Amino acid sequence: MTMSNIQLTYSHQLTKCDPQWNPVLIIGQIRHLSSLSFEVFKNKLEPRVSEEVFTTAVASLHPTPTDSCPLHLNVATIAGLPTKCSRHNTPSRGHFITKIVKSFTGTTDEYIVLVCEKGDAFASACAVARSFSLYSRKSAQSSSSSQRRVTVEFILVNNGGEALTEVDVTCFSHAAKGIQLAASIVDTPCNEMHTDAFLAEISKVGEELHIKPTIIQGEELNARGFGGIYGVGKAALHQPALAVLSYTPSGATESIAWVGKGIVYDTGGLSLKGKTAMPGMKRDCGGAAAVLGAFYAAVKLGFRENLHAVFCLAENAVGPLATRPDDVHQLYSGR
């Protein structure tokens, strides 16, 4: 897997910087941005941006659904999030935060300042993490060995004096790593992220968390009665597998299982998908990828109950061993 060269960090306080050398992107809803004075932001903008320029820029924002205004050349920008919230858009406007960050991210160390309510801070932090995938095949990015830092800072509004703490920042960091892990698995094409590669990712997480995964693969699946997953993936070069990570802390009173669908590529098998339906089917493993990322974050943050992550991995390929539409498979349930 080709890794990006971005180090993402979170901070609960604003640090002083000069946007001429470290670009700054400020993101928030208009009602939040206009409620704050220039004094709050001057550590990030002076001496390049004056109070008059800042105030004028905020007043000029008219999101439809987003809008932005440069404060100083292309190294200091303020962006407004959608005013309205609908069933397609969460109160944090996280989906649009991801889009804005992707549009304005540069090539040097930079700062992202999120202006939000405390209840939206976690979702906003996660939205930024999704902007920076660990996987990239861009030649310019892959050839660069230097790492750049992206620091995400927060300004809370309507918080009643309550501020973010180091505990909050630690939570954001672990969640971000889980999100980036899940995104990298989904973003990676099947010729690299096949079932064996996915198992390797599971083993890496297990090693970091000191958990040994249980893995059942190939013909053993059929022998032990897992006819469903075996039938889906038996025609592929890389064999289907069932993997389980189990976290069992002392004092736990409940057991919870997360099960993720991990079809690393779905051609449709002998019922072949068309040329418009098949592209993008590398994303069919998104459920298992999400479970792996969430499991990592939950354990790192000290989850108190028994937690089992179950990964059903297969590539639905075309070949002599592919399941025919009229075949009958007996599943683990006996049916």
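Residues numbered from 1 in each chain as written. Predicted model: local features only at pLDDT ≥ 70, side-chain atom pairs only at ≥ 80, totals over all residues. Heavy atoms only, no water.

J.: Can you break down the overall build of the protein chain residue by residue, with the values?
T.: Looking only at helices and strands, the protein chain has 11 helices and 10 strands in total. The dimensions of the protein chain, computed from C-alpha atoms along their principal axes, are 75 × 50 × 40 Å. The 335 residues of the protein chain split such that 49% are buried. For the protein chain, restricting intrachain contacts to residue pairs at least 6 apart in sequence, the fraction spanning at least 24 positions comes to 76%. Surface accessibility of the protein chain: about 16,800 Å² in total, with carbon and sulfur atoms responsible for 53%. Distance between charge centres in the protein chain, computed from 30 positive and 29 negative side chains, equals 4 Å. (Helix = DSSP H or I, 4+ residues; strand = E, 2+ residues; numbered from the N terminus. Buried < 20%, exposed > 50% of the residue type's maximum accessible area, 1.4 Å probe, protein only. Contact = heavy atoms within 4.5 Å. Areas by Shrake-Rupley, 256 points an atom, 1.4 Å probe, with all protein chains shown as cover. Lys, Arg positive; Asp, Glu negative; His and termini not counted. Charge placed at Lys NZ, Arg CZ, Asp CG, Glu CD.)

J.: With reference to specific residues and values, describe the state of the cysteines.
T.: Evaluated as defined, the whole model comprises zero disulfides. Its sulfur unpaired, Cys126 is 7.5 Å from the next cysteine sulfur, which belongs to Cys171. The class for Cys126 is buried, based on a relative accessible area of 15%. (Disulfide = S-S within 2.5 Å.)

J.: Got a sec to walk through the nonpolar core? Specific residues and values, please.
T.: Formed by 34 residues in total, the largest nonpolar core has its most connected members in Ile185, Phe198, Ile202, Leu245, Leu292, Phe295 and Phe311. When contributions to this core are tallied by element, the ones reaching two or more residues are helix 7 (166–187), helix 8 (195–209), strand 8 (241–247), strand 9 (255–266), helix 11 (286–300) and strand 10 (306–316). Sort the elements by how many residues they give to this core and helix 11 lands first, with eight residues. The contacts of Leu292, once residues within four sequence positions are left out, are Leu181, Ile185, Phe198, Glu201, Ile202, Val205, Leu245 and Phe311. Residues Ile6, Leu25, Val128 and Val152 belong to the second largest nonpolar core, which totals 28 residues. (Core = buried A, V, L, I, M, F, W, Y, C linked by side-chain atoms within 4.5 Å.)

J.: An account of unusual backbone geometry is needed here, citing residue identities and associated values.
T.: Here the residue pair Glu46 and Pro47 is connected by a cis peptide bond, since its omega of 5° sits within 30 degrees of zero. Looking at the element boundaries, Pro47 is found in the loop between helix 2 (38–45) and helix 3 (51–60). The residue after Thr64, namely Pro65, is reached through a cis peptide bond having omega 0°. The residue Pro65 is located in the loop between helix 3 and strand 3 (67–72) in this model. Unusually for a residue other than glycine, Arg93 sits at a positive phi of about 60°. Considering the arrangement of structural elements, one finds Arg93 in the loop between strand 4 (76–81) and helix 4 (94–104). According to the relative accessible area criterion, Arg93 is buried, its value standing at 5%. Even without glycine at this site, His210 takes up a positive phi of about 60°.

J.: Explain the sheet that holds strand 2 (residues 24–29) to me, and be specific about the residues and the numbers.
T.: Pairing within the open sheet is mixed, and its six strands lie in the order 1-6-5-2-4-3. Every interior strand has two partners, whereas the edge strands, strand 1 (6–11) and strand 3, have only one. Taking each pair of neighbouring strands and ignoring which way they run, the sheet shows an average axis angle of 20°. Relative to strand 4, strand 2 is paired through six bridges, and the arrangement is parallel. Its bridge partner lying in strand 4, Ile27 is registered against Ala79. In the packing of helix 3 onto the sheet, contacts are made with strand 3 and strand 4, and the angle to strand 3 comes to roughly 170°. (Pairing = 2+ DSSP bridges. Axes fitted to C-alpha atoms, helices over the stretch in contact; angles between N-to-C directions.)

J.: Give a description of the sheet that holds strand 8 that names residues and reports values.
T.: Overall, mixed pairing links the four strands, which are arranged 7-8-10-9 in an open sheet. Every other strand in the sheet has two partners, leaving strand 7 (214–217) and strand 9 as the edge strands with one partner each. Ignoring strand direction, the axes of neighbouring strands in this sheet form an average angle of 15°. Pairing of strand 9 with strand 10 involves 11 bridges; the strand directions are parallel. Note that in strand 10 the partner of Ser255 across the bridge is Asn306. Against the sheet, helix 8 touches strand 7, strand 8, strand 9 and strand 10, its axis set at about 165° to strand 10. Where helix 11 meets the sheet, its contacts fall on strand 8, strand 9 and strand 10, and the angle it forms with strand 9 comes to roughly 140°.

J.: Outline the pairing of strand 3, supporting the account with residue identities and numerical values.
T.: Two faces make up the sheet, and in a regular strand the side chains alternate between them. Bridging between strand 3 and strand 4 involves five bridges; their strand directions are antiparallel. Each bridged residue has a counterpart across the sheet, and for Pro70 the counterpart in strand 4 is Thr77. The turn joining strand 3 and strand 4, which pair antiparallel and follow one another in sequence, is formed by three residues; a positive phi near 50° is taken by Leu73.

J.: Would you mind going over a nonpolar patch on the surface in detail, with residue names and values included?
T.: A contiguous nonpolar surface patch, about 280 Å² in accessible area, is contributed by Leu270, Leu272 and Val318. Secondary-structure assignment places Leu272 in the loop between strand 9 and helix 11. (Patch = residues over 30% accessible without salt bridge, like charges linked within 9 Å, V, L, I, M, F, W, Y side chains within 5 Å. Salt bridge = Lys/Arg side-chain N within 4 Å of Asp/Glu carboxyl O.)

J.: Talk me through helix 11; I want residue IDs and the actual numbers.
T.: In this model helix 11 runs 21 Å from its N-terminal to its C-terminal C-alpha over 15 residues, within 8% of the 21 Å that 1.5 Å per residue would give. Considered for burial, the residues of helix 11 that qualify are Ala288, Ala289, Val291, Leu292, Gly293, Phe295, Tyr296, Ala297, Ala298 and Val299. As for helix 11, its buried residues are in contact with helix 7, helix 8, strand 8, strand 9 and strand 10. Trailing helix 11 by a residue or two, Gly302 shows a phi angle of about 80°, which is positive. (Expected span 1.5 Å × (residues − 1).)

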